[in-house]
Amino acid sequence: MKRYSKLIIAAIIALIFIGTFVFLWQKSQPKEVVYNEFTPKLDSIQKTTIITGKIEPRNEVNIKPQISGIISELLKEPGDYVNAGDVIAKVKVIPDMAQLSSAEMRVRLAEINLKQAQTDFEREQNLFNQKLVSADEFDKVKISLNQAKHEKLAAQDALEVVRDGVSKSNAKASSTLIRSTISGVILDIPVKVGNSVILSNTFNDGTTIATVANMKDLIFRGNIDETEVGQLVNGMNMKITIGALQDLKFDAALEYISPKAIESNGTNQFEIKAAVKLVEGGKIRSGYSANAEIVLDKADKVLCIPESAIEFSGDSTFVYVIKGEGKGKTYERTAVTTGLSDGVNIEIKKGITAKDKVRGPEIVADDKD
């Protein structure tokens, strides 16, 4: 039994040795290199770029108060549509004490002057009735009385404006009523009831009550790299895509290219603007992120091959033209003149024809499977 066991063990060891030798021999044998093969074809190539930006109204108007005070009532909300002249909010005036005192003093003086003018008029009227004064003298006194009455009304209006922000004579044009200056959609109301607001003057911009914009006149705003901006011209068509609206797409026309670059992430960028052509049923909100695809260059019906088949060597480009078939197949290195590329295919201007077949990259093991 021991003899047979030794023979079996020796046979197993021999089989393992022989199998290892065969495996290593097979691995050491050179593998056949297989390449992709391509036939040049006539096709259209276009070079495009994607610009990231956002959608916004062409003009946003900040509505500011004409007087300082406190917001007493808000009549609109963000998202509401307003016409020019619609009231958005009401302001309660907090009068300036110096102005209030001056206005009250003006009223008191006007009342004194009116009382004196009334007395002079009555005295002059009695003399005129007795024909003791001329009509010319009587008319002057009468005019003075009318002037005193108007001064009293003007002083009273001024007092009401300073004290209440509105007078009886100009209630419809009251500066306490904050009205929209344009027709459009209210994008934002940054104040609340009870907030203090100030009017715009030389020293400050004033408090913004609301921001209103015409949402039917939108633009795409984005930045393009300096290496591509030279290929842009005003009027070029763009395809805008808004991912937030289930990849809604619509057209736009380039209308502005900034003459000055701005630095962004270490590169020079140029701002561009494009007029958006809205589509039916597309409810677009201000600030949506969007991508703009713009065709920088295009070549129609040109001979092209996959760019992976091109060998770049300095300023020269080459392809390997397949000669023969089967085991006698050879590859002839041929200089070509290339043109436009879209990153996948490249235009061949000179060097090969549509009848040639060129070698592509090597097929790796996974591709063979």
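Structure: see above.
These figures come from a predicted structure and were not determined experimentally.

Draft legend 1. Local environment of the overall build of the protein. Counting its secondary structure elements, the protein contains five helices and 20 strands. A burial count over the protein gives 30% of its 369 residues as buried. Relative to all contacts within the protein whose residues are 6 or more apart in sequence, the contacts with residues 24 or more apart total 72%.

Draft legend 2. Seen up close, the sheet that holds strand β3 (residues 60-63). Spatial strand order, β3-β10-β8-β5: four strands in an open sheet with antiparallel pairing. At either end of the open sheet lies a strand with only one pairing partner, and these are β3 and β5 (81-82). In this structure, β3 lies alongside strand β10 (residues 210-213), joined through four bridges in antiparallel fashion. Residue pairing in the sheet places Val61 in a bridge with Val212 of β10.

Draft legend 3. Representation of the pattern of salt bridges within the structure. Going through the model one piece at a time under the given rule, you end up with 13 salt bridges. For Asp120, the salt bridge is made with Arg123, and the minimal N-O distance between the two is 3.2 Å. Residue Asp120 and its partner Arg123 are both found in helix α2 (residues 97-129); the two are separated by three residues, about one turn of the helix. The shortest N-O distance in the salt bridge between Glu271 and Arg221 comes to 2.7 Å. Here Glu271 is found in strand β14 (residues 267-276), whereas its partner Arg221 is found in strand β11 (residues 218-225), with 50 residues between them in sequence. Looking at Arg221, the relative accessible area reads 24%, which means it is partly exposed. In the salt-bridge network here, residues are joined through shared partners; they are Lys54, Glu56, Arg221 and Glu271.

Draft legend 4. Structural detail: the sheet that holds strand β9 (residues 196-197). A sheet is described by the order of its strands in space; here four strands give the open sequence β7-β6-β4-β9, paired in antiparallel fashion. In the strand order of this sheet, the two ends are held by β7 (177-179) and β9, each with one partner. Bridge analysis of strand β4 (residues 69-74) against strand β6 (residues 87-93) gives five bridges, and the strand direction is antiparallel. Residue pairing in the sheet places Ile71 in a bridge with Val91 of β6.

Draft legend 5. The arrangement of the pairing of strand β17 (residues 316-323) in detail. Buried residues dominate β17, accounting for six of its eight residues. Pairing of strand β16 (residues 311-313) with β17, which is carried by three bridges, proceeds in the antiparallel orientation. The partner of Phe312 across the bridge, within β17, is Thr317. Here seven bridges tie β17 to strand β18 (residues 330-341), and the two strands are oriented antiparallel to one another. Of the residues in β18, the one forming a bridge with Phe318 is Ala335. In textbook terms, the turn of a hairpin is the stretch between consecutive antiparallel strands, and for β17 and β18 this stretch comprises six residues, one of which, Gly324, has a positive phi near 80°.

Draft legend 6. Highlighting the layout of surface pockets. Estimated volume of the largest pocket: approximately 440 Å³. The wall of the largest pocket is formed by 18 residues, among which Val185, Met215, Lys283, Ile284 and Arg285 lie closest to the centre. With four residues, strand β8 (residues 184-188) is the largest single contributor of residues to the lining of the largest pocket. Residue composition of the lining of the largest pocket, by class: nine nonpolar, six polar and three charged.

Conventions and cut-offs
Residues numbered from 1 in each chain as written. Predicted model: local features only at pLDDT ≥ 70, side-chain atom pairs only at ≥ 80, totals over all residues. Heavy atoms only, no water. Helix = DSSP H or I, 4+ residues; strand = E, 2+ residues; numbered from the N terminus. Buried < 20%, exposed > 50% of the residue type's maximum accessible area, 1.4 Å probe, protein only. Contact = heavy atoms within 4.5 Å. Pairing = 2+ DSSP bridges. Salt bridge = Lys/Arg side-chain N within 4 Å of Asp/Glu carboxyl O. 1 Å grid on protein atoms, 1.4 Å probe; cavity = no way out; pocket = protein on both sides within 12 Å on 5 of 7 lines; lining within 4 Å. Points joined across faces, edges and corners; volume = space filled by probe spheres on them. Nonpolar A, V, L, I, M, F, W, Y, C, P; charged D, E, K, R; others polar.

These figures come from the coordinates and say nothing about function on their own.
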